[in-house]
Amino acid sequence: MSMTDVSPANGLDLGSRRFLHPGPLRWLRALGWGAALFVLFGLIYGLLGFATKPGHTPLSPALCTLLTVAVSAAAFALYAVMVKGAEARWPTELELKQAGAELLIGVAAGVAMMSVVVGALLASGLYEISGPRAASPWDMISIAISSGAFEELMFRAILLRLLMRAMGAWPALAVSAAFFGLAHLGNPNATPTAAIAIAVEAGLMLASFYMLTGRLWISIGVHGAWNFAQGWIYGARVSGLDVKDSLYLSTPKPGAPEWASGGAFGPEASVPAMVVGTAVAVAVLYWAWKKGNFRARPDVPRLEAA
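Residues numbered from 1 in each chain as written. Predicted model: local features only at pLDDT ≥ 70, side-chain atom pairs only at ≥ 80, totals over all residues. Heavy atoms only, no water.

A. The packing of helix H4 (residues 138-167) against helix H7 (residues 217-233), seen in detail. Interaxial distance between H4 and H7 falls to 8 Å at its minimum, and their mutual angle equals 145°. By crossing handedness, the relation of H4 to H7 is classed as right-handed. Residue-level contacts link Met140, Ile141, Ala144, Ser147, Gly148, Ala149, Glu151, Glu152 and Arg156 of H4 to Ser219, Ile220, His223, Gly224, Asn227, Phe228, Gly231 and Trp232 of H7. Here the contact of H4 with H7 is built from residues that sort into seven nonpolar, seven polar and three charged. (Axes fitted to C-alpha atoms, helices over the stretch in contact; angles between N-to-C directions. Helix = DSSP H or I, 4+ residues; strand = E, 2+ residues; numbered from the N terminus. Left-handed = near helix turned anticlockwise from the far one by under 90°. Contact = heavy atoms within 4.5 Å. Nonpolar A, V, L, I, M, F, W, Y, C, P; charged D, E, K, R; others polar.)

B. Just the nonpolar core, in detail. With 75 residues, the main nonpolar core has Tyr79 and Met211 as its most contacted residues. When residues of this core are assigned to their parent elements, the largest contribution, 14 residues, is made by H4. In this structure Tyr79 touches Leu37, Phe41, Arg89, Pro91, Glu93, Leu94, Leu153, Ala157, Ile158 and Arg161, once residues within four positions along its chain are discounted. (Core = buried A, V, L, I, M, F, W, Y, C linked by side-chain atoms within 4.5 Å. Buried < 20%, exposed > 50% of the residue type's maximum accessible area, 1.4 Å probe, protein only.)

C. Up close: the packing of aromatic side chains. A complete count under the given rule lists 11 aromatic pairs for this structure. Considering the side-chain rings of Phe155 and Phe179, the 6.2 Å spacing of their centres and the 45° angle between planes classify their relative orientation as tilted. Taken together, the residues span a long stretch of sequence, with Phe155 in helix H4 and Phe179 in helix H5 (residues 169-183) at a distance of 24 residues. Exposure remark for Phe155: the relative accessible area of 6% places this residue in the buried category. Taking the relative accessible area as the measure of exposure, Phe179 reaches 39% and is therefore partly exposed. Both rings, one in Phe228 and one in Trp232, keep their centres 5.5 Å apart while their planes meet at 20°; by these two values the pair is stacked. Taken as a pair, Phe228 and Trp232 lie in helix H7 at a separation of four residues, close to a single helical turn. Considered together, Phe228 and Trp232 belong to a single accessibility category, that of buried residues. Aromatic rings pair up to connect Phe38, Phe155, Phe179 and Phe180 into one cluster. Residue placement shows Arg156 over the ring face of Phe180; its charged tip is 4.7 Å from the ring centre. (Phe/Tyr/Trp six-rings, centres within 6.5 Å; stacked < 30°, edge-to-face > 60°. Lys NZ or Arg CZ within 6 Å of the ring centre and 35° of its normal.)

This is the structure we're talking about:
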């Protein structure tokens, strides 16, 4: 089965049983269920970040990565069990048969996109780079795994999916992308421009892969690899956060305009990132629309859902 297959090919599986059954106030039930799930997994994500924060944990970086993998896998299992209980379905968004191939596709795409962004920043004279140098990748691997797993689970499988259930595809895409941008305003060196850039280039781009396949795996791979390439390979700030260990070190040239280079927030707020992320988002969203994935699968009759 190819990465673009969605079975059956008649829209995304947004949930249509038990708590999400057709009937009065389904939009409100979907929003309430989404809010509860988002808060729960956001709390787990926050606790994991606290437990593995470099310089604040007795665990070695390699053990932090192992803990991150274990907690991420447990979070996916918990989500599946909760969806099974509340929606009477095993979540197709976490279907395992395609996971390996789609994760690899996502990783390759994430590294390629960030490489194009950094290459454009260097070629345009906005950035300078030095290295290579000796550096441990473990901290950045942990960040890549946790951000890819938890943020895609929260913002795509929960927020985008249930907003689509409540209000349709286009409003859900706009609201979830805006929320993704706003969530980054709490990061160091964040600006309104950076939040808009994250919403457009990353929020829509990452959503597009979920819309295309109905699964999270490519989005997870892209998200994690984008962060890893940006932070460890190229040594640039990741969403405003400074990276301690990196293979290369990339920084804006003195005098480079912030609106073009991204400034202290990093490449994600730069013009090249906006161009690359937006172009990919538009292309993949158009592909998903052509496949009919801007609609939900038909509702399951309530008698079948009993």
